[in-house]
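Results of the structural survey
Letter by letter, the chains look like this.
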Amino acid sequence: REAKNGIRPSLLLTSVALVGCRAILLRIQVENMRVCVCFQAAAALCISVGSFSDPDDLPGLAHFLEHMVFMGSEKYPAENGFDAFLKKHGGSDNASTDCERTIFQFDVQRKYFREALDRWAQFFICPLMIEDAIDREVEAVDSEYQLARPSDSHRKEMLFGSLAKPGHPMGKFCWGNAQTLKHEPREKQINTYQRLRDFWKRYYSAHYMTLAVQSKETLDTLEEWVREIFTKVPNNGEPRADFSHLLRPFDTPAFNKLYRVVPVRKVHALTISWAVPPQVKYYRVKPLHYISWLIGHEGTGSILSLLRKKCWALALFGGNSETGFDQNTTYSIFSISITLTNQGYQNFYQVNMHMSVFVRQSSSFFSRIYDEIQKIEANEFHYQEQTDPIEFVENICENMQLFPKEDFLTGDQLMFEFDPQVISAALSPLTPDRANLLLLSPENEGRCPLREKWFGTCYSEEDIPEEWSQRWTGDFELNSELHLPAENRFIATDFALKESDCPDSEFPIRTVNNERGCLWYKKDTKFKIPKADIRFNLISPIIQKSPENLVLFDLFVNILAHNLAEPAYEADVAQLEYKLVAGEHGLVIRLKGFNHKLPLLLKLIVDHLADFSADPGVFNMFSEQLKKTYFNILIKPERLGKDVRLQILEHSRWSVIQKYQAVTKGLTVDDLEAFATGLKAELYVEGLVQGNFTSTVRRRNTNRKTLKLQFQPLSAEVPVLFRVVELPHKHHLCKVKSLNKGDANSEVTVYYQSGLKNLREHALMELMVMHMEEPCFDFLRTKETLGYQVYPTCRNTSGVLGFSVTVETQATKFSTEFVEAKIEEFLASFGERLSGLSEDAFRTQVTALIKLKECEDAHLGEEVDRNWFEVVTQQYVFKRLNKEIEALKLFSQAELVSWFLEHRNTNSRKLSVHVSQNLLMVPKTRLKTRGDRSFQAVAPRLCNALPPSLRVTDSIVYFTKQLKTLLFRQAFT
C-alpha cells in the first residue's frame, strides 16, 4: 500500500473483517526491503476497554482480568501453558492495561506461529480463569502495585487524577491491589470471580478488538489462519464503552492551584499542566506536538537556555505522552515538567513567570517551523529501520483503534498538514489562570498534611497568591532573550548510498592501530540506508583511582553534556542522536543518524571536549544534583542490591555509597579543572564506525579528532575490566537494610559463581537459564506468589560467569530468609526436572536458542551494539554468535545436567544478597500458616550454617581483601 504522502512502507498489508474484529496482516516484502528479516513472527490484539470501565466497587478489575486471561483456556488448560510454549520456542509475551484500551502481544519462532496463535486466541475465546487461581494472581497484581508505589511518576498521576470532577473515571484506582480485589470484596460479599467473568463477557467482544499479525508467510496464508482461529471470538453486539460525553473533567475548584508534594526521590521539579479538549481527531495536524516542539526546544533563545543560564533548571520536557492518562476521549493534557536546581526551587514562581512569557511569545505561528518539523519526521519515517516485530504489531493494533485505515502506518508518526486555526485552538487555553502547578521537593516535608489514598503521597493544596496571578495575567515586557529557533543546519539533504572504496567485509576490520588507539570500520552492505553509527571509548588511567575521581568524572561528563546541550540541540531535533556516557574506565561517545551531517556533530563534540571549561555556578549546580542522583540510586532496593553485589565481586570497585560520601565532602571547580586536564593528557582511544561512510571519510574525521585533542599515549596499559574475586566454596550471605524507610519492597538475589568466562560455557549457561525461565516463573510467582518480578539470569561479571535467581517481594508479606529458602526449593526441583528431561525436549530448547542466535539483525543498531561489545571489552570475537551456535549443536543433556549439579553441590560458590527494611524482624503475616517454613524456623538454620568469620564480618572491603582475584583476558573456546 502506498501511503498518502508517497512514502513506501516496507510491508505488505491487507485488512480482514472477522465478525466485528478488524485484523491487519503484515508480511515482510523481502524483495523490496532495505533490511534482512528476523525469524520471529508476532501478533498483537487491542481491546477498546480499560480501567475507565472498572466497576466502582472493584477498582482494578480490568487490570486483574488482563492477568487472569493468561492462566489457561478450555482448549489448553495448563495454567502456565502458553508461557511454557513460548519459552520452549524462543518467544515472549506481554500485556498492558490503559485507561480505554488493553493490549496483548507475543512473538515466537515463525515455525511455531500457527500453533502459538491458536493457543493465544483461546484467551479471547474461552479462557479458563479458574476460581482457585484468583487469590494467587491477586497477589501478583498487589506486588506489581507495591513495586509501583515508590515511583514519583505514578504517584503524580494518581494525585493528578484525584483532582478530576467526582464521578469522572480519572479518579478511579486503576492498579488494583489485594485490598480492592480480595479483602474488601469478601467483607462486602462481592463474588470477584463471577464479576471477573461478567466483565470478560461484556467487554472482551470481537467488535471491540483490532488485531495485527506479522510473519513471512503469504498474506493468503495469514488470512486463512486468522479466519480459522479468530472467527470463534464471541461478539456480544453490545455498544462499546463511551466516555466522550465526560468532557472538561478538570473544570473544577481543585484545579488551577499549587500542590506541594513530598517526593520519594531527592528531586526538585515543577510540573505545569493544562487540560484541553481531546486532540486525537487532529492527528493530521498534531497541534500539541508542534507546541511541545517550540516549548521543549533547548537551543539558543529557548526557555530552557534562559533557565540554565540562571542556574535554575537542569532539564525541561513539554508535551503529551499519548498514554491514556495524558490523552483519551474526555481530555488531553499538555504538561511542562522542569527539573529544578536548589536555586530554581527557591525561585519557582519566577520560573513559571518566564514560562508564561515564552508561551505568550510562541503564540504566533510560523509555517517555516512546521515545515521543518514535517520534513525531519518525513525523512525519519522514509528511512526508518525495522523495529522488533512484537513492538511493531503492538503499535499497529493500537493505531487501528485511533486512525482510518489509510493512516494505520503513518497516523502516529507524520505531520500531514499545517492548520493555524487548529494550533491556535490548542494553544489558547495554555494561560496562567488555567494552569495547575505541582511542586515536588524534599523541602516540602512537614508542610504537607494531606495524603493521597492509594499511593500515600503527602501533599498540600494552596491557592496561587493573587500577586503572582496578576503578574502572570497582566501586561509584561517581552524578553528579548527568548525567541524561536533559527533554521536548522543539521537537517540532512544528501541521502545517497556511498560506493565502497575498500573490499566488503562481514565483520569490522581494524584500519588504525597505534599507541594512541585503534579504529574498527565496516561499510554497511546489508541495510542500505543513508545512516551511520560512530562510537568511541576514551580510556584513561585516572578514572578509577579514587571515589573522588569517579565523582569528578561524573561531573565532567554532566557539565560537558550541559555545555553541548544548546549548540547540539539542532542536531538532536534533526534525528542525529548523541550520548556521552561515563563508562567504568573511559568516556564513551555515541553518535548515530543520517551520515550526511554526522561528521559536523562529531566535530562539535570534539571541540567542546578539547576546550572544556566549567563555570563555578554550573559546577555547584551539578554537584548538588549529583548528590541527589546517587541518593536516588541507593533508595531503590534493586539498585542497592546490585551495587553491593558488584562491590563484593569486583576488586577495587568503588560503590555508589562511597561516591555519595565523596561528593558530600565537597569538591571544588579547581579540582574538576585539574581532573579534566589529567583526563585528556593520556588516553587510549578505541572506535567503531559502521554504516554509510567510505573508509576515506572515516579516516579523515578520525585524524581531525586526534589532532584536536592532542593527547599522549598511555604510559601503562589500563584494563577495561575489573579483577573479580573468586568466592570460596561456601555460602555467603550479605544483608543490607533498605535506605527508603517508606518502601516495603525487598529484593533477594541468589548468585552462583562459575569461573572465568569461555565461549562454550557461556552458551551452556544461556541454555540452562532458558530452560529455567518458565518453571522459575511458575513456581516462585504463580504458585508461591512471592512477588511480581521473578527471574533467573546469566551473569557476566567482568569476564567471570555465574547465574542468579532474583525475587522482588514485600517485607510485609515474606522475610528475605523465607524467599531464599523458596528459591533453593525451586532450584532443587529444577535439578530433578532437568535430570528427567527427554532428549526431544532438550533438543527443542537447543534449537530454540540456536534460532534466536540465527535471527538476522532487525536494524543497523543491533549489529553495531554486538560489534561494540567486542570492541569495548577488547575481546574482538566478532564471530561470537557463529561460535556459540556451533557449541550448542554439540551439547548433550548429560553435560547440561552435570554443569548445573556441579554448581549446586555443597562446594558451590554462592553469594546471596538481601535488601530489606526488616533485616532481623519477624513479619507479622504468614507465621501461623507457614509453620516450619516461617522466618522463625528458617533464619536460625541459615545463620548457623555460616562460618563464624562471616557471621561477624561487617565490612565488604575486609571480606574481599582475603580472597583470590581473577583477571579475565580473552576467551575463544
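Given the structure is predicted, the values throughout are model-derived calculations rather than measurements. (Residues numbered from 1 in each chain as written. Predicted model: local features only at pLDDT ≥ 70, side-chain atom pairs only at ≥ 80, totals over all residues. Heavy atoms only, no water.)

This part covers the overall build of the chain. Helices and strands together make up the secondary structure of the chain, namely 33 helices and 27 strands. Over its C-alpha atoms, taken along the principal directions, the chain stretches across nearly 80 × 75 × 65 Å. Across the 973 residues in the chain, those meeting the buried criterion constitute 58%. Pairs at least 24 residues apart make up 84% of the contacts formed inside the chain by residues separated by at least 6 positions. When the accessible surface of the chain is totalled, it reaches about 39,300 Å², and 50% of it is carbon and sulfur. Seen as two clouds, the 117 positive and the 123 negative side-chain charges of the chain have centres 3 Å apart. (Helix = DSSP H or I, 4+ residues; strand = E, 2+ residues; numbered from the N terminus. Buried < 20%, exposed > 50% of the residue type's maximum accessible area, 1.4 Å probe, protein only. Contact = heavy atoms within 4.5 Å. Areas by Shrake-Rupley, 256 points an atom, 1.4 Å probe, with all protein chains shown as cover. Lys, Arg positive; Asp, Glu negative; His and termini not counted. Charge placed at Lys NZ, Arg CZ, Asp CG, Glu CD.)

Reading across from one edge, 9-10-8-11-7-13-12 is the order of the seven strands in this open sheet, with mixed pairing throughout. Of all the strands in the sheet, the pair left with one neighbour each is strand 9 (313-319) and strand 12 (450-451). Relative to strand 11 (residues 436-440), strand 8 (residues 268-276) is paired through five bridges, and the arrangement is antiparallel. Paired with serine 273 across the bridge in strand 11 is asparagine 436. On top of the sheet, helix 9 (residues 287-295) reaches strand 9 and strand 10 (332-340); it is set at about 15 degrees to strand 10, its chief contact. (Pairing = 2+ DSSP bridges. Axes fitted to C-alpha atoms, helices over the stretch in contact; angles between N-to-C directions.)

Along the chain, the position of glutamine 917 falls in the loop between strand 26 (909-916) and helix 30 (927-930). Glutamine 917 gets classed as buried once you look at its relative accessible area, which sits at 13%. Reaching out from glutamine 917, the side chain makes a polar contact with the backbone oxygen of serine 738 at a distance of 2.9 Å. Ignoring anything within four residues of it in the chain, the contact list for glutamine 917 reads Lys737, Ser738, Leu739, Asn740, Lys741 and Asp743. (Polar contact = N/O pair within 3.5 Å; in protein donor to acceptor, adjacent residues only side chain to side chain.)

For the rest of this paragraph, the subject is the UniProt feature "domain: Peptidase M16 N-terminal" (unreviewed entry) in the chain. When the UniProt feature table is mapped onto this chain numbering, "domain: Peptidase M16 N-terminal" (unreviewed entry) sits at residues 40-166. Strand forms 17% of residues 40-166 and helix 43%; the C-alpha atoms that close the span are 47 Å apart. (UniProt positions renumbered as here; feature names shortened; annotations may be inferred.)

The antiparallel open sheet is built from three strands, whose spatial order is 19-21-27. Each edge of the open sheet carries a strand with a single partner, namely strand 19 (650-651) and strand 27 (965-966).

What follows concerns helix 6 (residues 178-187). Regarding helix 6, the residues found buried are Ala178, Thr180, Leu181, Lys182 and Pro185. Those residues of helix 6 that are buried lie in contact with helix 1 (61-68), helix 4 (134-148) and helix 7 (192-203). The N-cap of helix 6, judged by a side-chain oxygen 3.0 Å from the amide nitrogen of glutamine 179 a few residues on, is asparagine 177. Count one or two residues on from helix 6 and you reach glutamine 189, which has phi positive near 60 degrees.

What follows concerns the UniProt feature "domain: Coenzyme PQQ synthesis protein F-like C-terminal lobe" (unreviewed entry) in the chain. The feature "domain: Coenzyme PQQ synthesis protein F-like C-terminal lobe" (unreviewed entry), as annotated in UniProt, sits at residues 769-868 in this numbering. Helix makes up 60% of residues 769-868 and strand makes up 20%, while its end C-alpha atoms are separated by 25 Å.

Looking now at the confidence of the model for the chain. Counting all residues, the mean pLDDT for the chain is 89, and 90% of those residues have values of 70 or more. The spread of mean pLDDT over the elements of the chain runs between helix 30, the lowest at 42, and strand 7 (residues 258-261), the highest at 98. Long-range and interchain partners of residues 28-38, a stretch whose pLDDT sits below 50, account for 31 contacts in this model, where long-range means more than four residues apart. Per-residue pLDDT stays below 50 along residues 921-947; that stretch engages in 42 contacts with residues further than four places along the chain or on separate chains. (pLDDT = per-residue confidence, 0-100.)

All told, the structure shown has 54 salt bridges when counted by the stated rule. Taking the shortest distance from any N to any O, the salt bridge between glutamate 115 and arginine 119 comes out at 3.2 Å. Placement of the pair is glutamate 115 and arginine 119 together in helix 3 (residues 113-125), with a separation of four residues, close to one helical turn. Overall, glutamate 115 belongs to the partly exposed group, its relative accessible area being 34%. (Salt bridge = Lys/Arg side-chain N within 4 Å of Asp/Glu carboxyl O.)

A few words now on the pairing of strand 5 (residues 102-109). Most of strand 5 sits inside the fold, with eight of its eight residues counted as buried. As paired elements, strand 3 (residues 40-47) and strand 5 share eight bridges and run antiparallel to each other. Counted as the bridge partner of cysteine 46 is isoleucine 103 from strand 5.

Along the chain, phenylalanine 814 falls in the loop between strand 25 (800-810) and helix 25 (816-835). For phenylalanine 814, a relative accessible area of 3% puts it in the buried group. Sequence separation between phenylalanine 814 and glycine 787 is 27 residues; the distance between their C-alpha atoms is 9.6 Å.

Any pair of aromatic rings gets described here by the distance separating the centres and the angle formed by the planes. One pass over the full model with this rule turns up 44 aromatic pairs. Measuring from centroid to centroid gives 5.2 Å for phenylalanine 830 and phenylalanine 900, while their planes differ by 85 degrees, and the two rings are edge-to-face. Here phenylalanine 830 is found in helix 25, whereas its partner phenylalanine 900 is found in helix 29 (residues 893-902), with 70 residues between them in sequence. Assessed through its relative accessible area of 2%, phenylalanine 830 is described here as buried. Under the relative-accessibility criterion, phenylalanine 900 is labelled buried at 1%. Members of the aromatic cluster, joined through ring pairs, are Phe70, Phe82, Phe104, Phe106, Phe113, Trp120, Phe123, Phe124, Tyr204, Trp225 and Phe230. Its end group placed over the ring of phenylalanine 631, lysine 266 keeps NZ or CZ at 4.4 Å from the ring centre. In this structure, lysine 310 is placed above the aromatic ring of tryptophan 312, and the distance from its NZ or CZ to the ring centre is 5.2 Å. (Phe/Tyr/Trp six-rings, centres within 6.5 Å; stacked < 30°, edge-to-face > 60°. Lys NZ or Arg CZ within 6 Å of the ring centre and 35° of its normal.)

Close contact between helix 1 and helix 7 brings their axes to 10 Å; oriented N to C, the two are set at 85 degrees. Our classification of the angle between helix 1 and helix 7 gives roughly perpendicular. Contact with helix 1, carried on its side by Leu61, Ala62, Phe64, Leu65 and Met68, involves Thr192, Arg195, Leu196, Phe199 and Trp200 of helix 7 and no other residues of that element. Of the residues assigned to the contact of helix 1 with helix 7, the class counts are eight nonpolar, one polar and one charged. (Parallel < 35°, antiparallel > 145°, perpendicular 65-115°, else oblique. Nonpolar A, V, L, I, M, F, W, Y, C, P; charged D, E, K, R; others polar.)

Moving on: helix 29. Every buried residue of helix 29 is accounted for by Gln893, Leu896, Val897, Trp899 and Phe900. The buried residues of helix 29 all sit within an arc of 160 degrees when viewed along its axis, so they share a single face. Buried positions along helix 29 lie against strand 23 (745-756), helix 24 (759-783), strand 25, helix 25 and helix 26 (839-854). (Arc of directions from axis to C-beta.)

On to the nonpolar core. Ile291, Ile338, Phe556 and Leu587 are the most contacted members of the largest nonpolar core, which has 133 residues in total. By residue number, the principal contributor to this core is helix 17 (residues 547-573), which donates 14 residues. Apart from the residues lying within four places of it in its own chain, the contact partners of leucine 587 are Phe536, Asn537, Leu538, Phe553, Phe556, Val557, Leu560, Leu580, Val581 and Leu609. (Core = buried A, V, L, I, M, F, W, Y, C linked by side-chain atoms within 4.5 Å.)

Here the focus is unusual backbone geometry. A positive phi angle, close to 55 degrees, is found at lysine 528, a residue other than glycine. Mapping lysine 528 onto the fold places it in the loop between strand 15 (517-523) and strand 16 (531-539). A positive phi angle, close to 65 degrees, is found at glutamine 575, a residue other than glycine.

What follows deals with the environment of serine 480. Looking at the secondary structure, you find serine 480 in the loop between helix 16 (466-473) and strand 14 (509-514). Of the residues examined, serine 480 reaches a relative accessible area of 68% and is grouped as exposed. Between the C-alpha atoms of serine 480 and proline 185, which are 295 residues apart in sequence, the distance is 61 Å.

Among the structural elements, aspartate 524 can be located in the loop between strand 15 and strand 16. Among buried Asp, Glu, Lys and Arg side chains, aspartate 524 stands out as unpaired, with lysine 522 the closest opposite charge at 5.3 Å. Here the side chain of aspartate 524 touches lysine 526 through a polar contact of 3.1 Å, landing on its backbone nitrogen. A polar side-chain atom of aspartate 524 sits 3.1 Å from the main-chain amide nitrogen of phenylalanine 527. Excluding anything up to four places from it in sequence, aspartate 524 contacts Ile529 and Gly691.

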